[in-house]
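# Survey of secondary and tertiary structure
Here's the letter readout for the chains.
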Amino acid sequence: MATRPLTPPSSGLGAPVLGVATSLSGKAWRWRGGNMELGEDIGGLDHSILDQLLLTRGVAEDDLARHAAPTLRAFLPDPSTFRDMDAAAARLADAVTAQERVTIYGDYDVDGATSAALLVELLRQLGLAADYYIPDRLLEGYGPSGEALVKLATSGSQLIVTVDCGAMAHEALGMTRAAGVDVIVVDHHKCSPELPPAHALVNPNRLDESDLGAAHGHLAAVGVAFLLGVALVRELRARGWFAGGRREPDLMGLLDLVALGTVADVAALHGLNRAFVAQGLKVLARRERIGMAALMDASRLNRAPQCSDLGFALGPRINAGGRIGESTLGVRLLTTTDPEEARAIAAQLSQLNEERRAIEAMVQEAAEAQLAGQHNMAVQVLSGHGWHPGVIGIVAGRIKEKTGKPAVVIALDEAQGKGSGRSISGVDLGAAIIAAREAGLLVAGGGHAMAAGLTIDPARLADFAGFLDERLARDVERARAGAAMLLDLALAPGGLVPELVETLEAGGPYGVGWPAPRIAVGPVRIVKADIVGKDHVRLIAAGNDGRSFKAIAFRAAESEMGQTLLHRHQGRRFHLAGRAKIDDWGNRPAAELQLEDAAFAD
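For the structure given in this document, a descriptive report is provided here. (Residues numbered from 1 in each chain as written. Predicted model: local features only at pLDDT ≥ 70, side-chain atom pairs only at ≥ 80, totals over all residues. Heavy atoms only, no water.)

### Some words on the sheet that holds strand S12 (residues 451–456)
The strand order across the open sheet built from five strands is S8-S9-S10-S12-S11, with neighbouring strands paired in mixed fashion. A strand with exactly one partner marks an edge of an open sheet, and here the two such strands are strand S8 (380–385) and strand S11 (444–448). Shown here is a sheet whose adjacent strand axes are inclined to one another by a mean of 15°, direction ignored. As defined by bridge partners, strand S9 (residues 407–412) adjoins strand S10 (residues 417–422) across six bridges and the pair is classed as antiparallel. Of the residues in S10, the one forming a bridge with Val408 is Gly421. Of the strands in this sheet, S8, S9 and S10 touch helix H16 (residues 392–403), which is tilted by about 40° from S10. Each of S8, S9 and S12 is contacted by helix H18 (residues 461–481), which is oriented at about 170° to S9, the strand it contacts most. (Pairing = 2+ DSSP bridges. Helix = DSSP H or I, 4+ residues; strand = E, 2+ residues; numbered from the N terminus. Axes fitted to C-alpha atoms, helices over the stretch in contact; angles between N-to-C directions. Contact = heavy atoms within 4.5 Å.)

Now the structure itself:
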């Protein structure tokens, strides 16, 4: 059986792959790691291909086995590693044993909803019926409101746990402390040197975190909440809480929530996060959570869910409630035990998601109209009156992909602007937003490297845009200069077969920080090219031997690549680059290409 020697990761420099120095999208094609030109012969290479994928994603050769099949046993740290974790677990254990009234205060996005649902469900299994509170995005904005927290306190809450928010809520937590109620903060957003007055603040990104704790700064809030759950159960076990016949909660059964929140929050999928998602997908496939099963049905997902389904089908529906609908819908769906209620909420979220798409399209068109005047700016800062605050994060992400630069999109009203930003790899937008706030340019703001949120006085918009341009210009230039289409494999058209796709999928789950394999196929000629949907380009490509395959390029009809493939392909041969997928439409599964780039082969 033929095998290939392991090739350690390289810098990706050197001669471009297949000689492509400038593709139709303007990028050079480079190897992500070692050269893997397979031609059509993939027989006997399964193990070597998988090992190569792991190596080029930063795995040491002596650690391949652990990463090939990521488990919690292999990656879960001791929760006590994190600062304040033991204090948080002890205070929650006190609440459980004394049957105190506990309220989980969550953010309105998927990470916040899954974090809140996880703690509500865990406390329910421990015999404590916790309440939850999700602020209204439009009326209350991001983060804990002092008025809301004090109201919860005066309404009888004895302990409040904020999830996916609170790390920068100094004033609000000060008001709550004055009201005599303990607050535990469970967050993952960047912190300032001075921490807010909380009973405990568990956040791997606090500046005084230990090295081992800080190494988990890529966790979503729901991952931190799960670790708190592990610590809580351990604390109760040490107190003898389960000695009298009480059943310990099913922590592994909560991993469907952890997987959904992690992927939807675009957290980096390496290390513990990858184990969370790998194991969480198995829990999701069992369809044991009533609300999650209803959500999959509403998404017409009639197979075992994949990582991409969390980000593109399930997550957006949960988000739609917080963006343009009722903020509590996500937590209600994920914690209900009533199948009828679950079906009704899932249907409502699907409808809201359709409405969200229409609103998003209008805001995106208006935002893109402003790009011409900002072509020299390192960061695109776009703003408009009447833009719905619930879609500005999605639009910022689209603008970032279109321009290759960080983007901040701001919805303005008469008094203030609410903004959301998305960054590119290598540019820490969250730190820049915090610096802008500390410089007095923002009313509020925070986030992490790849995403941030803010509140701004409209009169400071120009100053804010100038601040970001000056602070980040060099980082953006450096990041864009190093941008390339990184490839894992190159093969002839006959090598694009279902067996190869299965081998590549074995290296998953894939996502941010653990990119899905990208392959180059060619040379090919375009047999047919047309537009499907609004602006997707569909192809049939064939090699010199006549063996053909299908490819599709999403939202590419107006791009240089799309126009070339549609109208200027006659008599030319191409190399195509993208991600191999299984097309299971019809009697026999076939491999197809999800096209990301193309280059002339002659």
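That covers the picture; the talk isn't over yet.
### Some points on the nonpolar core
Counting residues in each nonpolar core, the largest one holds 124 residues, and the members touching the most others are Leu123, Val161 and Leu576. Ranked by residue count, the leading element in this core is helix H9 (residues 221–238), at 11 residues. If we ignore the near neighbours within four places in the chain, the residues touching Leu576 are Trp29, Ile519, Ala520, Val521, Val524, Leu539, Ala541, Phe549, Leu593, Leu595, Asp597 and Ala598. Grouped together as the second largest cluster of nonpolar side chains are 23 residues, Val381, Ala436, Ala452 and Leu472 included. (Core = buried A, V, L, I, M, F, W, Y, C linked by side-chain atoms within 4.5 Å. Buried < 20%, exposed > 50% of the residue type's maximum accessible area, 1.4 Å probe, protein only.)

### Thoughts on the side chain of Arg356
Relative to the elements of secondary structure, Arg356 occurs in helix H15 (residues 339–368). Looking at Arg356, the relative accessible area reads 8%, which means it is buried. In terms of polar contacts, Arg356 uses its side chain to reach the side chain of Glu360, at 2.4 Å. (Polar contact = N/O pair within 3.5 Å; in protein donor to acceptor, adjacent residues only side chain to side chain.)

### Regarding the state of the cysteines
One pass over the structure, following the stated rule, counts zero disulfides. The thiol of Cys165 is not disulfide-bonded; the next cysteine sulfur, from Cys191, is found 12 Å away. (Disulfide = S-S within 2.5 Å.)

### Here we look at the pattern of salt bridges
It is possible for side chains bearing opposite charge to pair when their charged atoms get close. Evaluation of the coordinates by the stated rule reveals 35 salt bridges. A salt bridge links Asp297 to Arg287, with the shortest nitrogen-to-oxygen separation between them at 2.8 Å. Placement of the pair is Asp297 in helix H12 (residues 290–298) and Arg287 in the loop between helix H11 (272–286) and H12, with a sequence separation of 10 residues. On the basis of relative accessible area, Asp297 is assigned to the partly exposed category, the value being 47%. A relative accessible area of 35% places Arg287 in the partly exposed class. Glu560 is the partner of Arg568 in a salt bridge, and the nearest nitrogen-oxygen pair spans 3.2 Å. Note on Arg568: relative accessible area 41%, which makes it partly exposed. Connected through salt bridges with shared partners, the residues Arg32, Arg57 and Asp488 form a single ionic network. (Salt bridge = Lys/Arg side-chain N within 4 Å of Asp/Glu carboxyl O.)

### A few points about helix H4 (residues 85–98)
Here H4 spans 20 Å end to end across 14 residues, near enough to the 20 Å set by a 1.5 Å rise per residue. Restricting attention to buried positions, one finds in H4 the residues Met85, Ala88, Ala89, Arg91, Leu92, Ala93, Ala95 and Val96. Summarising the contacts, the buried residues of H4 are in contact with strand S3 (102–106), helix H5 (110–125), strand S5 (159–163), strand S6 (182–186), strand S7 (200–202) and H9. Two residues or fewer past H4, Gln99 is found with a positive phi of approximately 55°. (Expected span 1.5 Å × (residues − 1).)

### What about unusual backbone geometry?
If a residue is not glycine, its phi is most likely negative; likewise, a peptide bond is most likely trans. Following Gly508, the chain continues into Pro509 via a peptide bond in cis, with omega recorded as 5°. As for its placement among the helices and strands, Pro509 is situated in the loop between helix H19 (498–505) and strand S15 (519–532). In the segment running from Gly522 into Pro523, the intervening peptide bond is cis, with an omega of 0°. Even without a glycine there, the phi angle at Asp164 is positive, about 65°. By secondary structure assignment, the location of Asp164 is in the loop between S5 and helix H7 (170–178). Classification of Asp164 as buried rests on a relative accessible area of 1%.

None of this, on its own, says anything about what the molecule does.
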